[in-house]
Amino acid sequence: MQRVPRASVLLPVHNPGPYLGPALTSLRGQTLGDAFEVVCVDDGCTDGSGEALDGVAAADPRFRVLHPGRVGLIEAANLAAREARGHYRARFDSDDAMHPRRLELQAAWLDDHPADDVVASRVRHFPRPEVLGGNLAYEEWLNASLTHEEIAREFLVESPIPNPSAMWRPEVFERAGGYRDDGLPEDYDFWLRAFEAGARFAKLPEVLHFWRDHGARVTRTHPRYSVEAFLRAKAGYL
C-alpha cells in the first residue's frame, strides 16, 4: 500500500526562468526526507521549465508533474490541490526558496496544535540590495503578527498570511472553496473566506520562506493584485 505523505507542496510553474533551479534545490533539501510530495503543475511553460520539472521527477520520486497546458495560476494551484495526497497542503512559488526545515517545522506544529488550521512563517525578501522600501515595510508588518489573535486583527489591513509560506489542513481549502478566479487577489480572497469560515491561524517565529523580489513577479504585473482589487476583496468580505 502506498504511504500517504505528511505534506503535499502545491507548485504552479509558469516561465520562472533561472529562478526555478534554486527553488527546486530548496525543496529537495527539506529535512522532512521522503515524507512529502511535490505536485508540480506546468502551466504552459515555454522557457524549458516543464522539461526541467520532468527531469527532476524522473530522478526524485517525491515529485510529480502535471501538464494541463496554459490554465493560469489559480487553476494550476487548484489542480495541484485536487491531486495532492498528503495529510497537509503547503503552497510554494517557483521563484522563491524555503528554509530546509520549513516543512518539518510546520507539519510538527499542525500535529501538535490540533485547534490550528493554518500555519505560516516569518518571511524575508531577497536579494536584499534589490528589495524596495515598500516590501521591507510589508515584511516588517507581516512578521509582527504570530498568534491567531494578532493575525485576525490585521485581516482588513492586508493579507497577514504570506501565501507561499503557508501550510494548512485540506479541510480548510475545501470549506473555503479553494482559490477563485474573480479578478481579486486569489490568496487574500481565500484567506478572508477561510477566516470567515472559522479557520484558526498561526505563524512560526522562524524565517522559513525567502521571497524573491524582482520586476516580473506576478504580484507586480497582474491587475488582480492592484490596490483597487484589494479594496474590492475587503468590501466583499465586509
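Residues numbered from 1 in each chain as written. Predicted model: local features only at pLDDT ≥ 70, side-chain atom pairs only at ≥ 80, totals over all residues. Heavy atoms only, no water.

## Focus on the overall build of the protein
Okay, step 1: Across its full length, the protein holds ten helices and eight strands.
Okay, step 2: At 17 Å, the protein has a C-alpha radius of gyration in line with the 18 Å of a compact globule built from 238 residues.
Okay, step 3: The 238 residues of the protein split such that 53% are buried.
Okay, step 4: In the protein, the share of contacts with a sequence separation of at least 24, taken over all contacts with a separation of at least 6, comes to 78%.
Okay, step 5: Here the protein displays about 10400 Å² of accessible surface, and carbon together with sulfur accounts for 55% of that area.
Okay, step 6: Here the protein carries 28 positive and 36 negative side-chain charges, and the mean point of each set is 2 Å from the other. (Helix = DSSP H or I, 4+ residues; strand = E, 2+ residues; numbered from the N terminus. Rg over C-alpha atoms; globule rule 2.2 N^0.38 Å. Buried < 20%, exposed > 50% of the residue type's maximum accessible area, 1.4 Å probe, protein only. Contact = heavy atoms within 4.5 Å. Areas by Shrake-Rupley, 256 points an atom, 1.4 Å probe, with all protein chains shown as cover. Lys, Arg positive; Asp, Glu negative; His and termini not counted. Charge placed at Lys NZ, Arg CZ, Asp CG, Glu CD.)

## Overview of the nonpolar core
When a protein is soluble and globular, its nonpolar side chains tend to lie buried together.
Okay, step 1: Of all hydrophobic cores here, the largest spans 33 residues; its most connected members are Trp 168, Trp 191 and Phe 201.
Okay, step 2: If one sorts the elements of this core by residue count, helix H3 (residues 73-83) sits on top with six residues.
Okay, step 3: Residues contacting Trp 191, with those up to four places away along its chain left out, are Val 118, Phe 155, Ser 159, Ile 161, Asn 163, Ala 166, Trp 168 and Phe 201.
Okay, step 4: Listed in part, the 31 residues of the second largest apolar core include Leu 27, Cys 40, Val 119 and Met 167. (Core = buried A, V, L, I, M, F, W, Y, C linked by side-chain atoms within 4.5 Å.)

## Notes on the packing of aromatic side chains
Okay, step 1: All chains considered together, the criterion is met by 14 aromatic pairs.
Okay, step 2: A ring pair is formed by Tyr 138 and Trp 141, whose centres lie 5.9 Å apart and whose planes are at 20°; its orientation type is stacked. Of this pair, Tyr 138 and Trp 141 both sit in helix H5 (residues 133-144), three residues apart, which is roughly one turn of that helix.
Okay, step 3: Look at Trp 141 and you get partly exposed, because its relative accessible area is 22%.
Okay, step 4: One aromatic cluster is present, formed by Phe 155, Trp 168, Phe 173, Tyr 179, Phe 190, Trp 191, Phe 195 and Phe 201 through successive ring pairs. (Phe/Tyr/Trp six-rings, centres within 6.5 Å; stacked < 30°, edge-to-face > 60°.)

## Brief notes about helix H1 (residues 20-28)
In an α-helix, one turn spans 3.6 residues, which is why side chains three or four residues apart end up on the same side.
Okay, step 1: Those residues of H1 that sit buried are Leu 20, Ala 23, Leu 24, Ser 26 and Leu 27. Viewed along the axis of H1, the buried residues span an arc of 160°, placing them on a single side of the element.
Okay, step 2: In this structure, the buried side of H1 is in contact with strand S1 (7-13), strand S2 (36-42), helix H2 (49-59), strand S3 (63-66) and strand S5 (97-98). (Arc of directions from axis to C-beta.)

## With respect to the pattern of salt bridges
Okay, step 1: On inspection of all chains with the given rule, the structure shows 18 salt bridges.
Okay, step 2: Residue Asp 60 pairs with Arg 62 through a salt bridge whose shortest N-O separation is 2.8 Å. Each member of the pair, Asp 60 as well as Arg 62, carries the same accessibility label: buried.
Okay, step 3: The partner of Arg 82 in a salt bridge is Glu 75, and the shortest N-O contact between them spans 2.6 Å.
Okay, step 4: Looking at Arg 82, the relative accessible area reads 53%, which means it is exposed.
Okay, step 5: Judged by relative accessible area, which is 31%, Glu 75 ranks as partly exposed.
Okay, step 6: Within the structure, one salt-bridge network assembled from shared partners comprises Arg 180, Asp 182, Asp 189 and Arg 193. (Salt bridge = Lys/Arg side-chain N within 4 Å of Asp/Glu carboxyl O.)

## Quick look at the pairing of S2
Okay, step 1: Taken across its seven residues, S2 has seven buried, putting it largely inside the fold.
Okay, step 2: Burial of the side chains of S2 extends over both faces: Phe 36, Val 38, Cys 40 and Asp 42 are buried on one face and Glu 37, Val 39 and Val 41 on the other.
Okay, step 3: Relative to S2, S1 runs parallel, the two being bridged by seven bridges. Counted as the bridge partner of Ser 8 is Glu 37 from S2.
Okay, step 4: Each parallel crossover has a hand, and the one from S1 via H1 to S2 is right-handed. (Pairing = 2+ DSSP bridges. Right-handed = clockwise from strand over helix to strand, strands pointing away.)

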